[in-house]
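Listed below, chain by chain, are the residues.
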Amino acid sequence: MMITMELVGIFFFAVAGSLMAARRGFDILGSVFLGGVCGLGGGVVRDLILNQAPATFQNPVYFTPAILAALCVYALTPSVQRLHRLILVFDAGGLALFSMTGTLKALDNGVNPVTAILLGVITAVGGGLLRDVISNVTPDLFNPGDIYAIPAILGAALSALAWHLEIFQPAVAIAIGSTTFLLRLCALRFNWRIPMAAGHWYRQQSPPPMGGPQRHF
Amino acid sequence: MMITMELVGIFFFAVAGSLMAARRGFDILGSVFLGGVCGLGGGVVRDLILNQAPATFQNPVYFTPAILAALCVYALTPSVQRLHRLILVFDAGGLALFSMTGTLKALDNGVNPVTAILLGVITAVGGGLLRDVISNVTPDLFNPGDIYAIPAILGAALSALAWHLEIFQPAVAIAIGSTTFLLRLCALRFNWRIPMAAGHWYRQQSPPPMGGPQRHF
Amino acid sequence: MMITMELVGIFFFAVAGSLMAARRGFDILGSVFLGGVCGLGGGVVRDLILNQAPATFQNPVYFTPAILAALCVYALTPSVQRLHRLILVFDAGGLALFSMTGTLKALDNGVNPVTAILLGVITAVGGGLLRDVISNVTPDLFNPGDIYAIPAILGAALSALAWHLEIFQPAVAIAIGSTTFLLRLCALRFNWRIPMAAGHWYRQQSPPPMGGPQRHF
């Protein structure tokens with residue numbers, strides 16, 4: 001049951017990776033690779049920080065969603081484009097799932113709660129970040145018109161709280177996951193935003209171009 | 001003998017890294033750094049995933065090829081440009097070598113065959129991928145006009161097969177390495193390609209620009 | 001005392017990360033994240049290579065400078081812009097500090113001196129490199145008009161020497177740190193440079209554009 005949920009989560013993140021490969025004009029092997037990075041990258045980074053051999057590489061079954069996702073994107077690209085909203089919904093599901101499982105795995109390894117929450121967030125957003133870094137685009141995570149990380153932080157924090165109160169049962173897990181999921185969907189639907197990194201300064205200027213390289217100093 | 005082969009492989013990958021530094025207008029220290037990343041990065045990532053201290057950092061001799069490569073590129077840039085084909089040949093040699101050694105090291109650490117093949121491929125292509133990511137260019141690995149990863153996958157798979165059949169002797173190693181090497185050269189010579197990530201959709205449009213930043217959704 | 005110095009170093013690197021987020025138009029959570037990556041990334045990479053659980057994640061106090069830095073940049077962006085020189089001075093302080101502590105931590109883990117120096121340099125420059133890679137800009141580290149890595153190499157080498165001579169006392173540490181710090185400031189003040197990666201070839205051409213994606217071959 002647990003592994004099925006994980007594979008589903010990996011699959012939907014992998015679709016996002018393969019779609020990126022399609023948009024950037026990569027070939028189908030790049031699509032498999034980018035799907036794998038997007039679906040599995042967050043968990044691998046979490047396990048490296050926990051100083052463990054990544055669980056992903058213990059069982060080859062974790063690689064199958066990436067191959068399936070690349071085939072789906074290859075066969076169904078126009079529909080996938082039209083199914084844009086559906087994909088955002090599935091991505092929200094993956095976000096809700098991974099922020100919970102990542103936090104629990106970290107807590108089971110005996111790290112402190114703050115680190116566990118951070119590792120849960122890294123599990124949820126790390127794959128997409130790696131996908132964008134490898135594809136040489138500005139990470140979607142930093143898109144100021146979209147609050148991707150906030151639902152992940154909330155889901156991870158609630159999971160850590162439930163774990164410490166020793167009430168982490170299936171019903172509680174479903175409640176936490178649903179909250180994260182709905183918060184993400186509301187953020188998309190109602191265009192919720194958080195403040196920019198620069199306070200009042202950039203507001204008076206034209207916004208800096210996204211993506212173009214700029215020197216730091 | 002083994003270490004000499006490895007140092008030669010690292011050197012030729014490092015030349016590719018230093019050439020990138022030259023093309024991008026970096027300074028000579030950036031050239032050493034980028035050469036080191038390109039020559040050693042794949043093996044470091046493999047060892048991190050195997051949860052071992054990277055072998056590269058146990059013995060400083062592994063860093064010398066990067067310094068040599070940067071000096072060669074500094075002294076011989078015009079010739080190196082003219083020797084374009086020769087470099088592709090040496091790079092193919094490094095690819096053949098690293099896909100074999102990476103797979104064997106993973107198998108010796110007791111991982112399953114699928115993971116071992118994947119780690120062999122990561123060893124072979126990871127350095128070049130890191131070089132491109134750090135240099136802020138779209139990774140060459142995803143170039144749809146070039147099948148870089150296929151020979152590495154074949155070499156890694158044949159190595160894993162030979163290891164499991166317990167016939168991995170010098171003669172077999174030479175046969176596998178040569179096959180990988182020749183497959184890569186044929187791919188270059190005859191312009192072999194594999195399908196794109198997107199099936200029929202993008203074929204009817206102008207291709208998406210390589211490298212320019214694009215939003216994911 | 002030691003931890004206070006470390007937190008100060010992390011804070012000033014984190015300000016550089018948050019400023020990058022402000023320049024690129026990211027939101028405030030991206031600012032915290034990028035500040036954390038810039039302030040803590042070098043140490044995390046060093047610890048992963050040493051095959052240890054990163055020290056940063058053992059104690060949540062290490063994350064506070066990133067939050068503080070993001071708040072400072074949010075509140076004070078115009079002043080921070082005007083304080084450009086001051087930031088370069090603090091960054092030089094962080095560089096001096098981290099190249100020393102990184103080398104010592106590596107030596108305490110029993111690695112060879114060359115690797116220890118390299119890990120000290122990685123600790124000092126790794127955070128800024130990760131910041132630039134994640135922000136999708138050409139790393140500042142490779143800026144040929146600025147010798148960022150040379151002072152770090154000198155500081156790491158002097159630290160390793162002092163450690164081997166068993167004279168690493170507070171006075172010696174202050175002397176080494178000051179040397180690194182002053183060397184960095186002199187490099188900025190007098191515009192010191194080192195040779196380019198390409199010898200005579202590119203000198204006769206217009207320089208390759210910084211940042212634009214270029215194919216490797």
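Please read all numbers here as calculations on a predicted model, not as lab measurements.

Looking at this structure, how should I read the overall build of chain A?
Helix and strand content of chain A: seven helices and zero strands. A buried classification covers 53% of the 217 residues belonging to chain A. In chain A, 71% of the contacts between residues at least 6 apart in sequence involve partners at least 24 apart.

Whenever I open this one, helix α6 (residues 149–164) of chain B confuses me. Can you help?
Residue pairs spaced three or four apart in an α-helix point in one direction, given the helix's 3.6 residues per turn. Taking 1.5 Å as the rise per residue, α6 of chain B with 16 residues should run 22 Å; its terminal C-alpha atoms sit 23 Å apart, in good agreement. Within α6 of chain B, the full set of buried residues consists of Ala149, Pro151, Ala152, Gly155, Ala156, Leu158, Ser159 and Ala160 of chain B.

What's the story with the packing of helix α1 (residues 2–23) of chain B against helix α2 (residues 28–49) of chain B in this structure? I'm lost.
Residue and element names in this part refer to chain B. Two numbers describe how α1 lies on α2: the axes approach to 7 Å, and their chain directions differ by 140°. Taken together, α1 and α2 sit at an angle that is classed as oblique. The chirality of how α1 crosses α2 is right-handed. Where α1 abuts α2, its residues Ile10, Phe11, Phe13, Ala14, Ala16, Gly17, Ser18, Met20, Ala21 and Ala22 lie against Gly30, Ser31, Leu34, Gly35, Gly36, Val37, Cys38, Gly39 and Leu40. Residues of the contact of α1 with α2, tallied by class, amount to 12 nonpolar, seven polar and no charged.

Where do I start with the environment of glycine 42 of chain C in this structure?
All names here are of chain C. Examined against the element boundaries, glycine 42 turns out to sit in helix α2 (residues 28–49). For glycine 42, a count of 29 C-beta atoms within 10 Å puts it in the buried group. The sequence separation of glycine 42 and glutamine 169 amounts to 127 residues, and the corresponding C-alpha distance is 24 Å. Glycine 42 has contacts with Phe98, Gly102, Ile122, Thr123, Ala124, Val125, Gly126 and Gly127, leaving out every residue within four places of it along the chain.

Any chance you could explain unusual backbone geometry here in plain terms?
Among all residues save glycine, negative phi is the norm, and among peptide bonds the norm is trans. You will see that asparagine 136 of chain B, though not glycine, has its phi angle at about 65°, which is positive. Relative to the helices and strands, asparagine 136 of chain B resides in the loop between α5 (113–134) and α6. Its identity as a non-glycine residue notwithstanding, asparagine 51 of chain C has a phi of 60°, on the positive side. Of note, asparagine 51 of chain C is situated in the loop between α2 and α3 (64–82).

Hey, could you run me through the packing of α2 of chain C against helix α5 (residues 113–134) of chain C in this one?
In helix packing, the relevant descriptors are the interaxial angle and the interaxial distance, both defined with respect to the helix axes. All names here are of chain C. Between α2 and α5, the shortest axis-to-axis distance is 7 Å and the interhelical angle comes to 135°. As summarised for this structure, α2 and α5 are arranged oblique, according to the angle between their axes. The two elements α2 and α5 meet at a crossing, and its hand is right-handed. Contact residues: α2 offers Leu34, Val37, Cys38, Gly39, Leu40, Gly41, Gly42, Gly43, Val45, Arg46 and Ile49, while α5 offers Leu119, Ile122, Thr123, Ala124, Val125, Gly126, Gly127, Gly128, Leu130, Arg131 and Ile134. Classifying every residue of the contact of α2 with α5 gives 12 nonpolar, eight polar and two charged.

Please explain helix α1 (residues 2–23) of chain A as it appears in this structure.
Spanning 22 residues, α1 of chain A covers 32 Å between terminal C-alpha atoms, matching the ideal 32 Å at 1.5 Å per step. Count one or two residues on from α1 of chain A and you reach glycine 25 of chain A, which has phi positive near 75°.

Looking at this structure, I do not really get the environment of methionine 2 of chain A. What am I missing?
All names here are of chain A. Position of methionine 2 among the secondary structure elements: in helix α1. Owing to 7 C-beta atoms within 10 Å, methionine 2 belongs among the exposed residues under this scheme. In the structure, methionine 2 is positioned 99 residues away from threonine 101 in sequence and 9.7 Å away in space, judged by C-alpha atoms.

In this structure, what is going on with the confidence of the model for chain A? I would like to understand it.
Caution applies to low-pLDDT regions: their predicted coordinates should not be interpreted in detail. Residues and elements named next belong to chain A. Taken residue by residue, chain A gives an average pLDDT of 85. The fraction at 70 or more is 88%. Within the model, the stretch residues 202–217 combines pLDDT values under 50 with 28 contacts to residues more than four positions away or in other chains. Both confidence scores are given for the complex: pTM 0.87, ipTM 0.84.

What is the right way to look at the environment of cysteine 72 of chain B in this model?
All names here are of chain B. Assignment of secondary structure puts cysteine 72 in helix α3 (residues 64–82). Given 19 C-beta atoms within 10 Å, cysteine 72 falls into the partly exposed group. C-alpha separation for the pair cysteine 72 and leucine 118, spaced 46 residues apart in sequence, amounts to 32 Å.

Scoring rules and cut-offs
- Residues numbered from 1 in each chain as written.
- Chains lettered and ligands numbered in written order.
- Predicted model: local features only at pLDDT ≥ 70, side-chain atom pairs only at ≥ 80, totals over all residues.
- Helix = DSSP H or I, 4+ residues; strand = E, 2+ residues; numbered from the N terminus.
- Buried ≥ 20, exposed ≤ 12 C-beta atoms within 10 Å, placed from the backbone.
- Contact = placed C-beta atoms within 7 Å.
- Expected span 1.5 Å × (residues − 1).
- Axes fitted to C-alpha atoms, helices over the stretch in contact; angles between N-to-C directions.
- Parallel < 35°, antiparallel > 145°, perpendicular 65-115°, else oblique.
- Left-handed = near helix turned anticlockwise from the far one by under 90°.
- Nonpolar A, V, L, I, M, F, W, Y, C, P; charged D, E, K, R; others polar.
- pLDDT = per-residue confidence, 0-100.

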